[in-house]
Amino acid sequence: MGALMVIFSLQPKQRNKRKDSVEDELEMSTVRHRPEGLEQLEAQTKFSRKELQILYRGFKNECPSGVVNEDTFKDIYSQFFPQGDASTYAHFLFNAFDTDHNGSVSFEDFVMGLSILLRGSVQEKLNWAFNLYDINKDGYITKEEMLDIMKSIYDMMGKCTYPILKEETPRQHVEIFFQKMDKNKDGVVTIDEFIDCCQNDENIMRSMQLFENVI
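So, how was this worked out
Residues numbered from 1 in each chain as written. Predicted model: local features only at pLDDT ≥ 70, side-chain atom pairs only at ≥ 80, totals over all residues. Heavy atoms only, no water. Phe/Tyr/Trp six-rings, centres within 6.5 Å; stacked < 30°, edge-to-face > 60°. Helix = DSSP H or I, 4+ residues; strand = E, 2+ residues; numbered from the N terminus. Buried < 20%, exposed > 50% of the residue type's maximum accessible area, 1.4 Å probe, protein only. pLDDT = per-residue confidence, 0-100. Contact = heavy atoms within 4.5 Å.

S.K.: What am I meant to see in the packing of aromatic side chains here?
M.R.: Two aromatic rings are characterised by how far apart their centres lie and by the angle between their planes. All told, the structure shown has 12 aromatic pairs when counted by the stated rule. Ring plane angle 35° and centroid distance 5.7 Å describe the contact between Phe-59 and Phe-110, whose orientation is recorded as tilted. Note that Phe-59 is positioned in helix α4 (residues 49-62) and Phe-110 in helix α7 (residues 107-119), a separation of 51 residues in sequence. Comparing Phe-59 with Phe-110 shows no difference in burial state: the two are buried. Taking 5.3 Å as the distance between ring centres and 35° as the angle between the ring planes, the aromatic pair formed by Tyr-77 and Phe-81 counts as tilted. The two residues Tyr-77 and Phe-81 agree in class, both being buried. One aromatic cluster is present, formed by Tyr-56, Phe-59, Phe-73, Tyr-77, Phe-81, Tyr-89, Phe-94, Phe-97, Phe-107, Phe-110 and Trp-128 through successive ring pairs.

In structure tokens:
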């Protein structure tokens with residue numbers, strides 16, 4: 001989660017608090033995409049008004065139009081993983097944040113997802129993770145979808161893994177995880193199977209926590 005937090009929470013010089021609030025509201029009215037009011041977002045997320053102000057300033061600094069497209073998202077995200085190729089994983093991550101599938105991520109999309117990943121319950125985080133792995137959004141995870149995500153993570157981490165991973169390592173891990181998750185052996189993993197397996201398998205939960213660290 002560290003990469004996205006650094007990207008969009010860079011705080012500019014301290015300003016008068018009242019002025020901050022007024023300027024934030026004015027900024028929200030001038031960008032191409034106008035986000036919901038801070039009060040509404042405060043009610044919908046687990047961020048305070050001040051945290052939302054800081055996040056909004058950082059988001060607007062990177063995305064003056066008020067929305068971020070996939071290419072910009074990839075460019076920003078890849079800065080944090082120069083040792084590997086983050087483009088494919090950033091593509092999957094972008095699609096998970098783009099909840100209405102319109103090809104752009106608004107400030108609301110961003111903070112709603114960030115709220116779950118940083119402060120959500122285990123159930124909420126696992127629901128979000130399932131959505132990430134369910135690449136075609138049909139309500140199921142196939143072995144190939146899981147492998148695509150796993151490969152993209154290894155590609156992104158590049159040479160920073162030790163010992164250096166063999167090419168077949170992602171597939172081996174997916175075979176183990178999928179066998180555990182696909183309880184009824186029908187070739188797909190449902191959200192109930194995914195959550196139940198993650199909550200009851202310490203090794204998988206540890207892997208999920210590592211996965212959070214690269215978001």
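The discussion continues.
S.K.: Hey, could you run me through the confidence of the model for the protein chain in this one?
M.R.: Caution applies to low-pLDDT parts of the model: their predicted coordinates are not meant to be read in detail. Of all residues in the protein chain, 75% attain a pLDDT of 70 or more, and the chain-wide mean is 82. Counting interchain partners and residues more than four positions distant, the pLDDT-below-50 stretch residues 9-17 has 9 contacts. Segment residues 28-32: pLDDT under 50, and 13 contacts once partners within four positions in sequence are set aside and those in other chains are kept.

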